[in-house]
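# Structure at a glance
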Amino acid sequence: MLKQSIIKITLVLVSCLMMFTLVGCSGQKVNTDQIKFGLGQEPSTLDPNMMSDGYSFQVAANIFEGLLNITDDLKIEPLLAKDWSISDDGLIYTFFLEENVYFHNGEHFKASDVKFSFDRSIAGGYNSTGKSVIKETKVIDDFTVQVILQYPYAPALELFASQYMRIVSEKAVEDCGNSFKYEPIDAGTGPYIYVNWISGDKITLKANENYWRGKPTVSRVIFKFYNDSNTRAVAVEGREINYASVSAASYETLMKTEGINVAVVPSMITNYLAFNCSEKPFDDPRVRQAVAYCFDRKDAQLAGTGNPNSGTVTNQFIAKNSPYYNNDLNDYAENLDKARELLAEAGYPDGFHTQIYTSNANTLKNIATFLLSCLKKIGIEAEMVIQEQSAFNESMRQGGCPIFLYNYNGFAADPDFCFYSQFYSGNTLNYAKVDNKELDKLLDEARATIDENRRKELYAQISTIVNDENYYIVLYNMNFLYGYDERLEGSFSSFSRINAYDFKWNIDE
Amino acid sequence: MAKKIFKRILQIIPILIAVTFIVYLIMSLTPGEPARLILGENASQEAIDAFNEEYGINRPFLVRYFTYVKDIIVNRSFGKSWRTGRDVMREVLARFPITFYVAVFSVTVASLIGVPLGVISAVKQYSPIDNILRFISMLVASFPPFWLGMILVLIFALGLHLFPPNGSDSARYFVLPVLTIALPNAASFLRFTRSTMLETIRQDYIRTARAKGLPEKKVLVGHALRNALLPIITLIGTSFGRLLGGVVIIENVFALQGLGQFALTAINSKDIPQAMASVIFLSTMSCLIILVVDIIYSLVDPRIKAE
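Residues numbered from 1 in each chain as written. Chains lettered and ligands numbered in written order. Predicted model: local features only at pLDDT ≥ 70, side-chain atom pairs only at ≥ 80, totals over all residues. Heavy atoms only, no water.

### Thoughts on the overall build of chain B
The line we're drawing: Elements are defined by DSSP. Helices are runs of H or I of four residues or more, strands are runs of E of two residues or more, and each kind is numbered from the N terminus. Only protein chains enter the accessibility calculation, which uses a 1.4 Å probe; a residue is then buried when its area is under 20% of its type maximum, exposed when over 50%, and partly exposed in between. The accessible surface values rely on the Shrake-Rupley method and a 1.4 Å probe; as for residues, cover is taken only from the protein chains in view. Think of it this way: Lys and Arg go in the positive column, Asp and Glu in the negative one, and His and the chain ends go nowhere. Each charge is placed at NZ for Lys, CZ for Arg, CG for Asp and CD for Glu.
On a plain count of helices and strands, chain B comes out with 13 helices and zero strands. The dimensions of chain B, computed from C-alpha atoms along their principal axes, are 85 × 55 × 30 Å. A total of 307 residues make up chain B; the buried ones form 50% of that total. Accessible surface computed for chain B: about 15,100 Å², of which carbon and sulfur atoms make up 69%. Charge separation in chain B, taken as the distance between the mean sites of 30 positive and 19 negative side-chain charges, equals 14 Å.

So, in structure tokens, the structure goes:
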């Protein structure tokens, strides 16, 4: 009797499973009316003026636009501002706006909306660069707006192309009230309009039929969130989503999967090794240089993920295709004898004990392990201290890490962004506690000079000092790997932007 | 009976107070500033200060705790998430159905597989069937959940294209996650059922029943199983309660928006309102489930009154 009932139950279960499979057996057909993108994390907000994380920006960049745009090869182009002029003293930027642009709520895009958005962004607290650089925004007439700076700031145009300075409709913000943060209804000028946001699941956008640069090809765009990178890669493989950034570990599997491709794109995220330069023993540049000589960057990169596709070795924060890239910097190729010599000279012939701090990220932990063995070769006994992200941020900020391994997310290309925040004495992101007055002077001058050639000279000096002093040892620039359906055509951005407007389906029957 | 149930419900309150106090304390004392985690590394000091001011983070711990409790009791509000600004209890309730369905189906499938097989195993002790079942259940119980999940995805989703690999759009999406949770649980139900049945079968009254001439089936089901069921019900109940806590790993692997991931995100960004709401909800659910299990107990066994 029991046996019979068990057989019955098993049959029921199996037939249930079969029923489910028959109900929705999906082939390789795809719905070309929509694209589903996979994000690595749920955005925290869709309000462009109050953003702090890249995922929020990836979605919001399709809804809102700025006065200017920065292309993938780091050039500034006009967007909502069709032209602009800069005063001779570099303090006044006058923008001439496009006159036939309308927000999703039907309101005419005007200079007052620009002022509203800029003021709001500065007051909001997330745009620290804007706050320190911009003095005032003035409406000259409906389609002319002037921004007055506190001092001549060379990368100002890049600031106006940044995520924080996108334009929102004043009326929409007022209408939405407190819910604007995650329900920005009809507030942008961009190619896609916000439809809804199902918490924890996905955000849906629909095409803006009246988009001023032409209606988008794809009518719906969906951003789904996947916290786990493996799950995300599997979702691409299983056609749950059409495009997502994936980890280096999934590269092989996805390339082998029929119909899926993986694009390898340099990102703006750079892994580095740094020191607390304000305390012994790493206050001595010779000790820091010794560490630089005890390993080769390419070995560190391989240690990170085991996959050469994961990044490109580099010795500086500046991108290789930037005019400010310095070709004359020292790579400090592995030279254990020199390293030991330097240590002895600095007074540590027998090495010393120290700690390497890093976060829980697998890549960083692997690199730290690799470094431990390299340091051992020159007599430095180090132990690894792994901390959860918030505790790690705290440790770095308080200068409690003799050596630390982290990455820098250079979300803009101008060298001021990466040098000023990290190397200017006293700045929040100056985790290495660098205090070099000569460097400070150069940094101040470089950000205020408009002359391109003079700036190149200055940044060459700055990057040389940073390289000689080894405050930071830059390891490698991480690659983004994007797994995508082969039938999807689009552009892959170094800024990890997802411009849905540039994507379309290419299905041949 | 009703009075006793009511008393039990009242007892939940001191438990909740203790749980909330401990969790609030731990979250407030661990290092890491919520402002920096939420606003990002580039936020200015003013933004950080404004954030702290708005949410009263710099006030002394007890003041914050009592303000929080007062808000719940007086305004019936669990606050808004510091990270997203949304009402936290509404978010918890929005995610609860997924966690609930996964838990219910997993426990049901696990019971339907584990209990009958456990009975067979006990009745046919030491037979080949028993040995095979015991071996398989030990094997399955020792699979790490994420590994089992990935294997199922590899075979049934990516390989055979029978089910979607992750997501939650329709019923089909839940088959693999439910199986991933149900199979190891079925294995432990099997082993537990087997041992309680074995114990029960050895009892004198079973021998008496057989001696009375009752058919073996009636002896096993009507007497042995009925008595063995009590501890099994407790096991099923507590497993259900545990699953309601949200299996974070399964939620990650299968991209399900359940409570586990919700609570974890809150803890990682030190978003106290969101973490507290999750904890309070889950503790209450656990207590209620234990109460329900006890009630069922008293119904099944006339000797026990709900205390």
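### Details of the interface of chain B and chain A
To be explicit about the condition: Residues are treated as being in contact if the distance between any of their heavy atoms lies within 4.5 Å. For any pair of parts, buried area is found by adding up, for both, the accessible area (1.4 Å probe) each one loses once the two are put together. A pairing counts as a salt bridge when a side-chain nitrogen of Lys or Arg comes within 4 Å of a carboxyl oxygen of Asp or Glu. Residues are grouped as follows: nonpolar covers Ala, Val, Leu, Ile, Met, Phe, Trp, Tyr, Cys and Pro; charged covers Asp, Glu, Lys and Arg; every other residue, Gly included, is treated as polar.
Across the contact, 48 residues belong to chain B and 46 residues belong to chain A. Between chain B and chain A, roughly 4,200 Å² of surface is buried when both sides are summed, and carbon and sulfur atoms account for 56% of that area. Inspection of the region where chain B meets chain A yields two salt bridges. A salt bridge links K224(A) to D169(B); the nearest nitrogen and oxygen atoms lie 3.8 Å apart. If you list the elements that add at least two residues to the side of chain B that touches chain A, you get α2 (34-39), α3 (45-55), α5 (88-123), α7 (145-159), α11 (248-253) and α12 (259-268) of chain B. With eight residues, the single largest contributor to the side of chain B that touches chain A is α5(B). Its residues assigned to classes, the side of chain B that touches chain A comprises 25 nonpolar, twelve polar and eleven charged.

### Quick word on helix α10 (residues 216-244) of chain B
So the rule is basically this: Bend at a residue means the angle formed by two fitted axes: the first through the 7 residues ending at that position, the second through the 7 residues beginning there.
The largest bend in α10(B) is about 45°, located at L225(B). Two residues or fewer past α10(B), G246(B) is found with a positive phi of approximately 85°.

### Some remarks on the confidence of the model for chain B
What counts is decided by this rule: A score between 0 and 100, pLDDT records how confident the predictor is in each residue.
Taken as a whole, chain B shows an average pLDDT of 88; of its residues, 98% reach a score of 70 or greater. Mean pLDDT across the elements of chain B bottoms out in α2(B) (80) and peaks in helix α8 (residues 175-201) of chain B (94).

### Here we look at the pattern of salt bridges
With the rule as written, the count across this model stands at 28 salt bridges over all chains. Here D414(A) ties to R455(A) by a salt bridge, and the two come within 3.1 Å at their closest N and O atoms. Taken together, the residues D414(A) in the loop between β16 (403-409) and α14 (415-423) and R455(A) in helix α16 (residues 452-469) connect sequence positions 41 residues apart. R455(A) shares its class with D414(A); the two are buried. The residue R454(A) makes a salt bridge to E457(A) at a minimum N-O spacing of 2.9 Å. Placement of the pair is R454(A) and E457(A) together in helix α16, with a separation of three residues, close to one helical turn. Three or more residues joined by partner-sharing salt bridges are found here, namely E394(A), R397(A), E33(B) and R36(B).

### Focus on empty space enclosed by the protein
To keep it simple, the criterion reads: In the cavity and pocket records, a cavity denotes points on a 1 Å grid over the protein atoms alone where a 1.4 Å probe fits but cannot get out, a pocket denotes an open set with protein on both sides within 12 Å along at least 5 of 7 lines, and lining residues are residues with an atom within 4 Å of a point. Grid points are joined across faces, edges and corners, and a volume is the space filled by probe spheres set on the points.
Going through the model one piece at a time under the given rule, you end up with eight cavities of 30 Å³ or more. Roughly 120 Å³ of internal volume is contained in the largest cavity. Forming the boundary of the largest cavity are 15 residues, of which N315(A), Q316(A), V466(A), N467(A) and V474(A) lie nearest the centre. Going through the elements one at a time, α14, α16 and β17 (472-485) of chain A are the ones with two or more residues in the lining of the largest cavity. Looking at side-chain class alone, the lining of the largest cavity contains nine nonpolar, five polar and one charged residues. In this structure, the second largest cavity is lined by I98(B), T99(B), V102(B), A103(B), I181(B), L243(B), G246(B), V247(B), I250(B), E251(B), L256(B) and G258(B). Those elements that place two or more of their residues in the lining of the second largest cavity are α5 and α11 of chain B. Considering each element in turn, the lining of the second largest cavity owes the most residues, four residues, to α5(B).

### Structural notes on the packing of α14(A) against helix α15 (residues 437-448) of chain A
Residue and element names in this part refer to chain A. We count it as follows: For helices, the fitted line uses only the C-alpha atoms of the stretch in contact; every axis is such a line through C-alpha atoms, and the angle between N-to-C directions lies from 0 to 180 degrees. A clockwise turn of the near helix away from the far one marks a right-handed crossing, whereas an anticlockwise turn of less than a right angle marks a left-handed crossing.
Running from amino to carboxyl end, α14 crosses α15 at an angle of 145°, the nearest separation of the two axes being 11 Å. Every pair of crossing elements has a handedness; the one defined by α14 and α15 is left-handed. Facing D416, F419, Y420 and F423 of α14, the residues of α15 in contact are L439, D440, L443, D444 and R447. Residue composition of the contact of α14 with α15, grouped by class: five nonpolar, no polar and four charged.

### Overview of the confidence of the model for chain A
Do not read the predicted coordinates in detail wherever pLDDT is low. With 94% of its residues at a pLDDT of 70 or more, chain A has an overall mean of 88. The low-confidence segment residues 21-27 of chain A (pLDDT under 50) makes five contacts with residues lying over four places distant or belonging to another chain.

### Regarding the environment of R90(B)
All names here are of chain B. Positionally, R90 belongs in helix α5. Residue R90 is classed as exposed on the basis of its relative accessible area of 58%. For R90 and A141, which are 51 residues apart along the polypeptide, the C-alpha to C-alpha distance reads 36 Å.

### Here's the deal with the nonpolar core
We count it as follows: Within this scheme, the nonpolar core is defined by two criteria: the residues are buried Ala, Val, Leu, Ile, Met, Phe, Trp, Tyr or Cys, and they are joined through side-chain atoms within 4.5 Å.
Grouped together as the largest cluster of nonpolar side chains are 168 residues, with contacts concentrated most on L67(A), F95(A), L97(A), F160(A), F295(A), F404(A) and F423(A). Among the elements that take part in this core, α5(B) stands out by supplying eleven residues, more than any other. Within the second largest apolar cluster, 40 residues are counted, among which are F57(A), F64(A), V173(A) and Y192(A).

### What to know about the packing of aromatic side chains
Two aromatic rings are characterised by how far apart their centres lie and by the angle between their planes. Just so we agree on the cut-off: Two aromatic rings, drawn from Phe, Tyr or Trp (for Trp, its six-membered ring), form a pair once their centres lie within 6.5 Å of each other, and the interplanar angle then sorts them: stacked below 30 degrees, edge-to-face above 60, tilted otherwise. The rule for a charge over a ring is simple: NZ of Lys or CZ of Arg within 6 Å of the ring centre, and within 35 degrees of the ring normal.
Applying the stated rule across the entire model yields 47 aromatic pairs over all chains. An angle of 55° between the planes, with centres 6.5 Å apart, marks the rings of F317(A) and F423(A) as tilted. One end of the pair, F317(A), is in the loop between β13 (311-313) and α11 (336-345); the other, F423(A), is in helix α14, with 106 residues separating them in the sequence. Given a relative accessible area of 12%, F317(A) falls into the buried group. Here the aromatic rings of Y24(B) and F61(B) are separated by 5.8 Å at their centres, their planes lie at 50°, and the arrangement is tilted. With Y24(B) in helix α1 (residues 2-29) and F61(B) in helix α4 (residues 61-75), the pair connects residues that are 37 residues apart, well separated along the chain. Each member of the pair, Y24(B) together with F61(B), is buried. The ring centre of Y420(A) lies 3.5 Å from the NZ or CZ of R447(A), which sits over that ring.

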